[in-house]
Amino acid sequence: MAALPADLDAWIASLRSCDAVRVDGATADRGEPLLLSGGRLYLRRYWRYERRVAAQVALRVAQPVAVDETRVRTWLDRLFPEAGQQAGAVDWQKVACAIAVTGRLSVITGGPGTGKTHTAARLLALLFAIAAEPERLRVALAAPTGKAAARLKQSIDAALGEVQGQMGEASAFGDLSARIGAARTLHALLGARPDTRRFRHGAAHPLDIDVLIVDEASMVHLEMMAELLDALPADARVILLGDKDQLASVEAGAVLGELCANAEEGRYRHETIAAVARMAGQHIPGKLAEPRGPALAQHVVMLRESRRFGGEIGRLALAVNAGDAGTAESLLTAAAGPGVFWMQQAQPQAVVELAAQGRAGASRGYGDYLAAIRQRPSAASIEEQHHWIRGVLRVFDRFRVLCAVREGPWGVRDLNRAMAQRLDDMGLLSARGEWYEGRPVIVTRNDPDLGVFNGDIGIALKASPRDASLRVFFTDGPAIRSVGASRLADVETAFAMTVHKAQGSEFDHTTLVLPGDSSAITRELIYTGITRARSALTLVTAQPAALTEGISRVTHRSSGLLEWLEESGLANGDGGKEAP
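In this report, the structure presented in the accompanying data block is examined. (Residues numbered from 1 in each chain as written. Predicted model: local features only at pLDDT ≥ 70, side-chain atom pairs only at ≥ 80, totals over all residues. Heavy atoms only, no water.)

Considerations on the overall build of the protein
Counted only if it meets this: Each helix is a run of H or I in the DSSP string that is no shorter than four residues. Each strand is a run of E no shorter than two, and both are numbered from the N terminus. Between the two quantities, the radius of gyration covers C-alpha atoms and the globule rule is 2.2 Å times the number of residues to the power 0.38. Residue exposure (1.4 Å probe, protein chains only): buried if accessible area is under 20% of the type maximum, exposed if over 50%, otherwise partly exposed.
A count of helices and strands for the protein gives 21 helices and 19 strands. Its C-alpha atoms give the protein a radius of gyration of 25 Å, near enough to 25 Å, the size a compact globule of 580 residues would have. Seen through its principal axes, the protein has C-alpha atoms that stretch 80 × 65 × 50 Å. Burial status across the protein gives 55% buried among its 580 residues.

Topic: the side chain of His201
Cut-off, in case you're wondering: Contacts are residue-level and defined by heavy atoms, with any inter-residue pair within 4.5 Å sufficient.
Relative to the elements of secondary structure, His201 occurs in the loop between α8 (186-190) and β7 (211-214). His201 sits in the buried class, given a relative accessible area of 15%. When sequence neighbours within four positions are dropped, the list of residues in contact with His201 reads Leu189, Leu190, Pro206, Leu207 and Ala231.

A closer look at helix α11 (residues 270-280)
To keep it simple, the criterion reads: Think of the arc as the fan of directions from the helix axis to the C-beta atoms.
Of all the residues in α11, the buried ones are Thr272, Ile273, Ala275, Val276, Met279 and Ala280. Buried residues along α11 cover an arc of 160° about the axis, so they all sit on one side. The inward-facing, buried residues of α11 abut α3 (69-79) and α4 (92-100). Just downstream of α11, Gly281 is the residue with a positive phi angle, here 65°.

Re the sheet that holds strand β5 (residues 139-143)
Heads up, the rule is: Should DSSP find at least two bridges between two strands, the strands are regarded as paired. Every angle, taken between N-to-C directions, lies between 0 and 180 degrees, and every axis is a line fitted to C-alpha atoms, over only the stretch in contact when it is a helix.
Read from one edge of the open sheet, 6 strands run β6-β5-β7-β8-β4-β9, paired in parallel fashion. The sheet terminates laterally at β6 (184-185) and β9 (300-303), the two strands that pair on one side only. Of the pairings in the sheet, the one linking strand β4 (residues 105-110) to strand β8 (residues 237-242) comprises 5 bridges and is parallel in character. What sits directly across from Ser106, in β8, is Ile239. Packed onto the sheet, helix α5 (residues 116-130) meets β4, β5, β7, β8 and β9 and runs at close to 165° relative to β8.

A short note on the pairing of strand β3 (residues 40-43)
On β3, burial follows the alternation: Arg40 and Tyr42 on one face are buried, whereas Leu41 and Leu43 on the facing-out side are not. By the bridge criterion, 4 bridges tie strand β2 (residues 34-37) to β3 in an arrangement that is antiparallel. When the sheet's bridge partners are listed, Leu36 is paired in β3 with Leu41. Between β2 and β3, which follow one another and run antiparallel, lie 2 residues, and Gly38 among them has a positive phi close to 60°.

Section: the pattern of salt bridges
In plain terms, the rule: Within this document, salt bridges are pairs made up of a side-chain nitrogen of Lys or Arg and a carboxyl oxygen of Asp or Glu, the two lying within 4 Å of each other.
Applying the stated rule across the entire model yields 28 salt bridges. Measuring nitrogen to oxygen at the nearest pair gives 3.0 Å for the salt bridge that ties Arg73 to Asp77. In this pair, Arg73 and Asp77 both sit in helix α3, 4 residues apart, roughly one turn of the helix. The shortest N-O distance in the salt bridge between Glu407 and Arg413 comes to 2.7 Å. When its relative accessible area of 37% is taken as the criterion, Arg413 is described as partly exposed. Salt bridges sharing partners connect three or more residues here, namely Arg22, Asp29, Arg30, Glu32 and Arg44.

Comments concerning the nonpolar core
Selection criterion: Residues belong to one nonpolar core when they are buried, are Ala, Val, Leu, Ile, Met, Phe, Trp, Tyr or Cys, and are joined through side-chain atoms within 4.5 Å.
Within the largest apolar cluster, 73 residues are counted, with the highest numbers of intra-cluster contacts made by Tyr366, Tyr369 and Val401. Ignoring sequence-local partners within four residues, the contact set of Val401 consists of Val351, Ala355, Tyr366, Met419, Phe495, Ala496, Met497, Thr511 and Val513. One finds Val95, Ile108, Ala149 and Ala183 within the second-largest nonpolar core, a separate group that totals 52 residues.

Limitation: the analysis is restricted to geometry and does not speak to function.
What follows is the structure, given as structure tokens:
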């Protein structure tokens, strides 16, 4: 057997001479499955996805939208009253609206509680207010998972409810929430088809929309982003919302992270700063200015103030995100309130007991939703049944166990089995066989025919005591949908789930489980897990080093997307069209 190449140069030389590899720009295309470009080896289709995303970003950044700046200023002042704002402070939410209103592609990033959906709701109100024919404006909301889509719609509706009173005579536009409609998964939006990677909508059959808002964009992988951007009409606006510091998508790519490469530094051109001052009355600090800043940076805004996510959990998340393991440990060991609790040298059984009984100062684990199941109305109308089902699903979402790994004693599979058995032993459910009432499940594969998509979470229930069969109930915004349990082949029990699967969700009490020795534990994973907790976090570690080593381990994905953007002048200061 021939020896493997000794270094990178030798590897590249070997790949260049391989019949299965096409060298980008140097050899003719003979349909090779692999492609060598810029020192990176691609599967051919992923190279194409990168090119498609880069081309669409370049096209949209180069086509600013002309707006009446005076009208925009009038409406932004109404939608963002200055009452309570610290003198001299920049209202980045208002800045984001001013920048997004003039772009075909905009990115709004920020950590938990910085108000990404709050900002998006006001941007929508602004677009309705300045539209020549607001009644014809077509808006779509989407997210990678059903749970994230439901949360997006709920947050947008709540924010629009606040906005409606601020719009004055514009309230004649009617109920904005009703005009926008339900949020959908990206698969549902694009029209997923069974047993194929192709969607109903694409460049040849674009979406019938004018504005698209996509939440949890860090979860959107390269292939999906390519399909999504191709399916947008050329004159549509797309606004991507997400936390650039969260885990990247499970599949290939880290698109949001690369689009936000300059978010911290700003790198705003003088003309961008001047336009923001005219339309929003906000003055971007000089330290964020760059006369020849990248064209893409003029379409990216980082929200820099958390207005909700504070206290012990918020400080812990900031320390982890900054890579400050010492401060993170100090916060965990000094935590005096019920918000944060650290079990430093635990066994997997401790996780099982937390799920069964909770802990002092936080929820009592899964006992609450199982108690809600037992409160089923005996002889109820359909409306009363649905009210009960919604309640069960809502209570289940108060608590969740999140794991770093799938296999092993600290993994999703073993913990799910152990928790089901413990709850059965306590008489809280009867976990006999594959399906049982109260079984929570997560969908692992899209099934458009059944109307379920990867990441959807439901609970197996009998709608009434007389029913012999189980159905799995899911929330679809305010509505309820169900599928016969026997028809769902691609599901897993969901007492415990991976941190990746939990993106787009929040829980009142989150238990984050870190095994003793695993390369899967990274800073991004810990940060994402912590920020799933609304009011209580329990960190369970096999040993304290799992935390400190994880914080020091940063994920690096090798992608050529940023290089494509830089070559086109979008991600550096050498080219691209001027911002408005």
